[in-house]
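Structural characterization, general
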Amino acid sequence: MFKSDDDKCPEEEMEQQELTARCGLAAGVAGRGVRACKSGQQGQGSQQMTMETTRTSRVMALGLALAAFCLLVLPPATWALPGGHLIGERKNLSPDDPQVQRVAQVAVANYNMGSNSAYYFRDTHILRAESQLVSGIKYYLSMVMGSTPCRKTAASMDRAVDLTICPLSTGAQEEKLRCDFEILVVPWKNSTQILKDNCVPQ
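These notes cover the structure that comes with them. (Residues numbered from 1 in each chain as written. Predicted model: local features only at pLDDT ≥ 70, side-chain atom pairs only at ≥ 80, totals over all residues. Heavy atoms only, no water.)

1. Some remarks on the packing of aromatic side chains
The full count for this structure, using the stated rule, is one aromatic pair. With a centroid separation of 5.8 Å and 85° between ring planes, the pair formed by Tyr-111 and Phe-121 is classed as edge-to-face. Of the two residues, Tyr-111 sits in helix H3 (residues 98-114) while Phe-121 sits in strand E2 (residues 119-134), which places them 10 residues apart along the sequence. With respect to class, Tyr-111 is no different from Phe-121; both count as buried. Residue placement shows Arg-90 over the ring face of Tyr-140; its charged tip is 3.5 Å from the ring centre. (Phe/Tyr/Trp six-rings, centres within 6.5 Å; stacked < 30°, edge-to-face > 60°. Helix = DSSP H or I, 4+ residues; strand = E, 2+ residues; numbered from the N terminus. Buried < 20%, exposed > 50% of the residue type's maximum accessible area, 1.4 Å probe, protein only. Lys NZ or Arg CZ within 6 Å of the ring centre and 35° of its normal.)

Below, the structure written as structure tokens:
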């Protein structure tokens, strides 16, 4: 048996009052629609199933509306990830982290491809590494790079070069750079992009 809006179940009144008190919604806005209350007498099985299904759907809709409203009114600073890190907050990483090492090699390769030097540079050590959750993962790297005696050739520029076999230059040929990189990695697109690179002589 269905009742009008004026004959609400006590349970529904309490649910709507609590919802209104917590998120400041006008009473009754989220709960409008068909309200099904159990009558004192048991109806047909199909009618009871319909009533319970209607009530369950309405409660789920209220929950979703409440969650969406609270996300809109709460400041972004309160959105926390597991471990206490906020969305968009930078997180310190170990220079030895495998992913840090991978993006560092991408940054070095990108520098070598765009530089006018006739010789390859390689990283000597990573000073700082951070990550930030954006539309992917953004890495912030600060590293020291050194020159090597390995000369660039047309053939070598067309393939990946293992710079670990290139020793660092010494003496008058030695050059060192302090570099800052921002690298965006989007795993689900298998994409890695250098957003910023800045290298200055050290």
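2. What about the sheet that holds strand E5 (residues 191-201)?
Here we have five strands laid out as an open sheet, ordered E1-E2-E3-E4-E5, and antiparallel in their pairing. The open sheet is flanked by strand E1 (90-92) and E5, the only strands paired with a single partner. Pairwise comparison of adjacent strand axes, ignoring direction, gives a mean angle of 30° for this sheet. Bridge analysis of E1 against E2 gives three bridges, and the strand direction is antiparallel. (Pairing = 2+ DSSP bridges. Axes fitted to C-alpha atoms, helices over the stretch in contact; angles between N-to-C directions.)

3. Section: the environment of Gln-173
The topology assignment puts Gln-173 in the loop between helix H4 (154-157) and strand E4 (176-186). Residue Gln-173 is classed as exposed on the basis of its relative accessible area of 56%. Expressed as a C-alpha distance, the spacing of Gln-173 and Pro-149, which sit 24 residues apart in the sequence, is 8.1 Å.

4. Describing the nonpolar core
Within the largest apolar cluster, 22 residues are counted, with the highest numbers of intra-cluster contacts made by Leu-141, Met-143, Met-145 and Phe-181. Broken down by secondary-structure element, the contributors of at least two residues to this core are H3, E2, strand E3 (136-151) and E4. Looking at this core, the element that brings in the most residues is H3, giving six residues. If near-sequence neighbours (up to four positions away) are discounted, Met-143 is found in contact with Ala-104, Val-108, Asp-123, His-125, Ile-126, Leu-127, Leu-177, Arg-178, Cys-179 and Phe-181. (Core = buried A, V, L, I, M, F, W, Y, C linked by side-chain atoms within 4.5 Å. Contact = heavy atoms within 4.5 Å.)

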